[in-house]
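# Chains, contacts and geometry: an overview
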Amino acid sequence: MDVSPADRRIALIVLLGAAVVLGLAPILVRLGEVGPAAAGMWRFAFSIPLLLILTARPGGEGVGRPSKWMALAGLFFVLDLGFWHYGIVMTSVANATTLCNLTPVVVTAFAWIVWGQRPSRMFLVALGLAMAGAVAMAAGADGGQGTNPLLGDAFSLSVALWYAGYFLAVQAARRTAGALRVTLWSTGIGLPLLLVAALALREDLTPETAGGWAALAGLGVMHVVGQGGVAWALGRLPASVTAVTILVQPVVAAILGWVLFAEALTPVQALGGALVLGAVVLAQRSTQKKAGAEPESPAPAGS
């Protein structure tokens, strides 16, 4: 990756900004005054006009047509947002945001089991730490964080699997299309699926106040700016650096959850969160240090 030091610094600043923006997601879902799946549906609905403008602009890539990989990416993104948004409601903002960032560990484990890419001992240590941290975060909840902390933690943990599938599908789609076109079609395909899910679950589909509408519109802008910033930075920074930097997201979410919703972390949860984040960093370093490295694990991106 031939990038000048100045370009790397700019990319790092953009990535930090994107991580901060993505950290707003669980807060905006809570403030959206609609059901969890409906919040994801509105996130997609408000982001599509912006994505269309960016994709169809003069000199842009153009809208084009969706591929099977874009459709699969849309399906995985629906599962990602659906489970994560329910996790945000059921458990603490910090737990929901931290547990879903196990995606790099999941993808590396997938590569080992399915593709035979054996990880280093450092990665196995990281995997053990991640599992211990996840258990600590689930067991350490004080019972007042969300409507069902244990189930919410399980939903949030499953997001790591769904996002791993999304990432692999996007990787395949990117062989024939640019990032904006892939994002546009995966978002457009996922929109009706989330609407059907919200209707089937009999969720509230529309907010009652202007503040609720503002939060949902903010989700759409956040989707484009946050995911777009990460995608742009990935073209200029190693995936390992991106993976570490994007972990600013759960820190931002935890601070905002404490300020806005009085969700103070218990000591056990704080320890578990530190173990999870440390494990993700360690897993990334282990893949980076492998001689003749295979393609690196993806950076986690807040759903």
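Throughout what follows, the structure given in this document is the object of discussion. (Residues numbered from 1 in each chain as written. Predicted model: local features only at pLDDT ≥ 70, side-chain atom pairs only at ≥ 80, totals over all residues. Heavy atoms only, no water.)

### Structural notes on the overall build of the protein chain
Tallying secondary structure elements over the protein chain gives 13 helices and zero strands in all. Along the protein chain, helices (α) and strands (β) appear in the sequence α-α-α-α-α-α-α-α-α-α-α-α-α when read from the amino end. Burial status across the protein chain gives 48% buried among its 303 residues. For the protein chain, the accessible surface area stands at approximately 13,200 Å², while carbon and sulfur atoms represent 69% of it. (Helix = DSSP H or I, 4+ residues; strand = E, 2+ residues; numbered from the N terminus. Buried < 20%, exposed > 50% of the residue type's maximum accessible area, 1.4 Å probe, protein only. Areas by Shrake-Rupley, 256 points an atom, 1.4 Å probe, with all protein chains shown as cover.)

### Observations concerning the environment of Ala215
In this structure, Ala215 sits in helix α10 (residues 210–234). Separated by 182 residues in sequence, Ala215 and Glu33 place their C-alpha atoms 8.6 Å apart.

### Focus on the packing of aromatic side chains
Under the counting rule described, the total for this entry stands at seven aromatic pairs. Residues Trp42 and Trp213 carry aromatic rings whose centres are separated by 5.0 Å and whose planes lie at 80 degrees to one another, so their mutual orientation is edge-to-face. Residue Trp42 is found in helix α3 (residues 36–56), and its partner Trp213 is found in helix α10; the two are separated by 171 residues along the sequence. On the accessibility criterion, Trp42 (18% relative accessible area) is buried. Overall, the relative accessible area of 33% leaves Trp213 in the partly exposed class. Residues Phe83 and Trp162 carry aromatic rings whose centres are separated by 5.6 Å and whose planes lie at 40 degrees to one another, so their mutual orientation is tilted. Of this pair, Phe83 sits in helix α4 (residues 68–90) while Trp162 is found in helix α8 (residues 149–173), placing the two residues 79 residues apart along the sequence. The exposure class of Phe83 is partly exposed, given its relative accessible area of 28%. (Phe/Tyr/Trp six-rings, centres within 6.5 Å; stacked < 30°, edge-to-face > 60°.)

### Some thoughts on the packing of α3 against helix α9 (residues 179–200)
Between two packed helices, the angle of one axis relative to the other and the distance separating the axes together describe the packing. It is at 8 Å that the axes of α3 and α9 come closest, and there the two elements cross at 150 degrees. By the criterion of interaxial angle, the relationship of α3 to α9 is roughly antiparallel. Relative to α9, the crossing made by α3 is left-handed. Across the interface between the two elements, Ala37, Ala38, Gly40, Met41, Phe44, Ala45, Ser47, Ile48, Leu51, Leu52, Leu54 and Thr55 from α3 touch Leu180, Arg181, Thr183, Leu184, Thr187, Gly188, Gly190, Leu191, Leu194, Leu195, Ala197 and Ala198 from α9. The residue inventory of the contact of α3 with α9, partitioned by class, reads 16 nonpolar, seven polar and one charged. (Axes fitted to C-alpha atoms, helices over the stretch in contact; angles between N-to-C directions. Parallel < 35°, antiparallel > 145°, perpendicular 65-115°, else oblique. Left-handed = near helix turned anticlockwise from the far one by under 90°. Contact = heavy atoms within 4.5 Å. Nonpolar A, V, L, I, M, F, W, Y, C, P; charged D, E, K, R; others polar.)

### Some details on a nonpolar patch on the surface
Side chains of Val251, Ile255, Trp258, Val259 and Leu260 sit close together on the surface and give an oily, nonpolar patch of about 520 Å² of accessible area. Mapped onto the secondary structure, Leu260 falls in helix α12 (residues 248–261). (Patch = residues over 30% accessible without salt bridge, like charges linked within 9 Å, V, L, I, M, F, W, Y side chains within 5 Å. Salt bridge = Lys/Arg side-chain N within 4 Å of Asp/Glu carboxyl O.)

### Comments concerning the packing of α3 against α4
Close contact between α3 and α4 brings their axes to 8 Å; oriented N to C, the two are set at 130 degrees. The pairing of α3 with α4 is recorded here as oblique in orientation. The handedness of the crossing between α3 and α4 comes out as right-handed. Each of Pro36, Ala37, Ala39, Gly40, Arg43 and Phe44 in α3 lies in contact with α4, whose residues at this interface are Phe77, Leu81, Trp84, His85, Tyr86 and Val89. Within the contact of α3 with α4, the residues separate by chemical class into nine nonpolar, two polar and one charged.

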